[in-house]
Amino acid sequence: MKNTLLGRGILLPTGEISKDKINLVAGAITQPFAEMVWATTGGDWEPSLRNLIIFPALPFY
């Protein structure tokens, strides 16, 4: 698993996580997730606003 992450550039040779790759993956996932929340709530703004408050506050490990 570690070799795969190194090969894809997600892990750096120092063992650190490549923030550029993680941001790219997060950006690719965010749009479909936001669309799913919007569709399942029938366009209700409250759940979307709640997510905007909760997700940036989550710790990054």
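Here's a quick rundown of the structure.

## Describing the overall build of the protein chain
Right, on to step 1. The number of helices and strands found in the protein chain is three helices and zero strands.
Right, on to step 2. Shown N-terminal to C-terminal, the secondary structure of the protein chain runs as helices and strands in the order α-α-α.
Right, on to step 3. On C-alpha atoms alone, the protein chain measures out to a radius of gyration of 15 Å, which is more than a quarter above the 10 Å that the 2.2 N^0.38 rule sets for 61 residues.
Right, on to step 4. Seen through its C-alpha atoms, the protein chain measures out along the principal axes to roughly 45 × 20 × 15 Å.
Right, on to step 5. Surface accessibility of the protein chain: about 5200 Å² in total, with carbon and sulfur atoms responsible for 66%.
Right, on to step 6. Averaging the locations of the 5 positively and 5 negatively charged side chains of the protein chain gives two centres separated by 14 Å.

## As for the environment of Leu 5
Right, on to step 1. Mapped onto the secondary structure, Leu 5 falls in helix H1 (residues 2–7).
Right, on to step 2. Overall, Leu 5 belongs to the partly exposed group, its relative accessible area being 26%.
Right, on to step 3. Ignoring sequence-local partners within four residues, the contact set of Leu 5 consists of Ile 10 and Leu 11.

## Observations regarding the packing of aromatic side chains
Right, on to step 1. If you walk through the whole model with that rule in mind, you get one aromatic pair.
Right, on to step 2. Considering the side-chain rings of Trp 38 and Trp 45, the 5.2 Å spacing of their centres and the 70 degrees angle between planes classify their relative orientation as edge-to-face.

Criteria and thresholds
Residues numbered from 1 in each chain as written. Predicted model: local features only at pLDDT ≥ 70, side-chain atom pairs only at ≥ 80, totals over all residues. Heavy atoms only, no water. Helix = DSSP H or I, 4+ residues; strand = E, 2+ residues; numbered from the N terminus. Rg over C-alpha atoms; globule rule 2.2 N^0.38 Å. Areas by Shrake-Rupley, 256 points an atom, 1.4 Å probe, with all protein chains shown as cover. Lys, Arg positive; Asp, Glu negative; His and termini not counted. Charge placed at Lys NZ, Arg CZ, Asp CG, Glu CD. Buried < 20%, exposed > 50% of the residue type's maximum accessible area, 1.4 Å probe, protein only. Contact = heavy atoms within 4.5 Å. Phe/Tyr/Trp six-rings, centres within 6.5 Å; stacked < 30°, edge-to-face > 60°.

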